[in-house]
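Spelled out, the chains give:
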Amino acid sequence: MARTGERTTGLTTSWVVLAVGAVGVVINVVDWLAGGTDPEPYHAFPLLLVLWAAGDLLKPSRPGAARLIAGAAGVLLVAAGLAAGVPAAAALVRGGPVDWLDLALGVLTVLYAASAVAALAARRRAARA
């Protein structure tokens, strides 16, 4: 079994996630083009799988590129979560019908962003000390 940062040549979990995410991205694109549907916030999640798997696969050989891809995935996650959660929160405040799954996704996104900001602040504080 490979350790963190060690190069592997066989089939790993990251390769499987990359393949599954790529299939999801292709399905979404074909659905948008052929079906005429508009993109929804949850359509970003297969792309997130692709980005996170690509970042994991690039980590041993290109750590800078892996960090950049992970950052892009984080930004996409927050954007998709807020795009789903903000309208649900607005509907809750207005007293209209609420999509509870979108609201939960928005809350989880806010918690994810808060934990990422806290981790970044702790890392910067530790670097100064």
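Residues numbered from 1 in each chain as written. Predicted model: local features only at pLDDT ≥ 70, side-chain atom pairs only at ≥ 80, totals over all residues. Heavy atoms only, no water.

**A few points about the overall build of the chain**
Here's step 1: For the chain, the helix and strand inventory stands at four helices and zero strands.
Here's step 2: Along the chain, helices and strands appear, N-terminal first, in the series α-α-α-α.
Here's step 3: A compact globule built from 129 residues should have a C-alpha radius of gyration of about 14 Å, whereas the chain, at 18 Å, is more than 25% larger.
Here's step 4: Relative to its full complement of 129 residues, the chain shows a buried share of 20%.
Here's step 5: Sequence separation of 24 or more characterises 55% of the internal contacts of the chain that already satisfy a separation of 6 or more. (Helix = DSSP H or I, 4+ residues; strand = E, 2+ residues; numbered from the N terminus. Rg over C-alpha atoms; globule rule 2.2 N^0.38 Å. Buried < 20%, exposed > 50% of the residue type's maximum accessible area, 1.4 Å probe, protein only. Contact = heavy atoms within 4.5 Å.)

**Things to note about the layout of surface pockets**
Here's step 1: A volume near 160 Å³ is recorded for the second largest pocket.
Here's step 2: Lining of the second largest pocket is provided by L51, W52, G55, D56, K59, P63, A66, R67 and A70.
Here's step 3: The set of elements that each furnish at least two residues to the lining of the second largest pocket consists of α2 (45-58) and α3 (63-94).
Here's step 4: Considering only residue class, the lining of the second largest pocket consists of five nonpolar, one polar and three charged. (1 Å grid on protein atoms, 1.4 Å probe; cavity = no way out; pocket = protein on both sides within 12 Å on 5 of 7 lines; lining within 4 Å. Points joined across faces, edges and corners; volume = space filled by probe spheres on them. Nonpolar A, V, L, I, M, F, W, Y, C, P; charged D, E, K, R; others polar.)

**Comments concerning the confidence of the model for the chain**
Here's step 1: Residues at a pLDDT of 70 or more form 92% of the chain, whose mean pLDDT is 89.
Here's step 2: Least confident of the elements in the chain is helix α1 (residues 13-35), whose mean pLDDT is 91; most confident is helix α4 (residues 100-128), at 94. (pLDDT = per-residue confidence, 0-100.)

**What to know about the environment of G36**
Here's step 1: Tracing the chain through its elements places G36 in the loop between α1 and α2.
Here's step 2: In sequence terms G36 and P63 are 27 residues apart; their C-alpha atoms lie 39 Å from each other.

**Some thoughts on a positive patch on the surface**
Here's step 1: Residues R123, R124, R125 and R128 make up a contiguous surface patch of positive charge.
Here's step 2: Checked against the element boundaries, R128 lands in helix α4.
Here's step 3: For R128, a relative accessible area of 69% translates into the label exposed. (Patch = residues over 30% accessible without salt bridge, like charges linked within 9 Å, V, L, I, M, F, W, Y side chains within 5 Å. Areas by Shrake-Rupley, 256 points an atom, 1.4 Å probe, with all protein chains shown as cover. Salt bridge = Lys/Arg side-chain N within 4 Å of Asp/Glu carboxyl O. Lys, Arg positive; Asp, Glu negative; His and termini not counted. Charge placed at Lys NZ, Arg CZ, Asp CG, Glu CD.)

**Points about the packing of α1 against α2**
Here's step 1: As a packed pair, α1 and α2 sit with axes 7 Å apart at the nearest point and diverge in direction by 150°. In terms of their interaxial angle, α1 and α2 are classed as roughly antiparallel. In this structure, the crossing between α1 and α2 has a hand that is left-handed. Here S14, W15, V17, L18, G21, A22, G24, V25 and N28 of α1 lie close against α2, whose contacting residues are P46, L47, L49, V50, A53, A54, D56 and L57.
Here's step 2: Across the contact of α1 with α2, the residue classes tally to 12 nonpolar, four polar and one charged. (Axes fitted to C-alpha atoms, helices over the stretch in contact; angles between N-to-C directions. Parallel < 35°, antiparallel > 145°, perpendicular 65-115°, else oblique. Left-handed = near helix turned anticlockwise from the far one by under 90°.)

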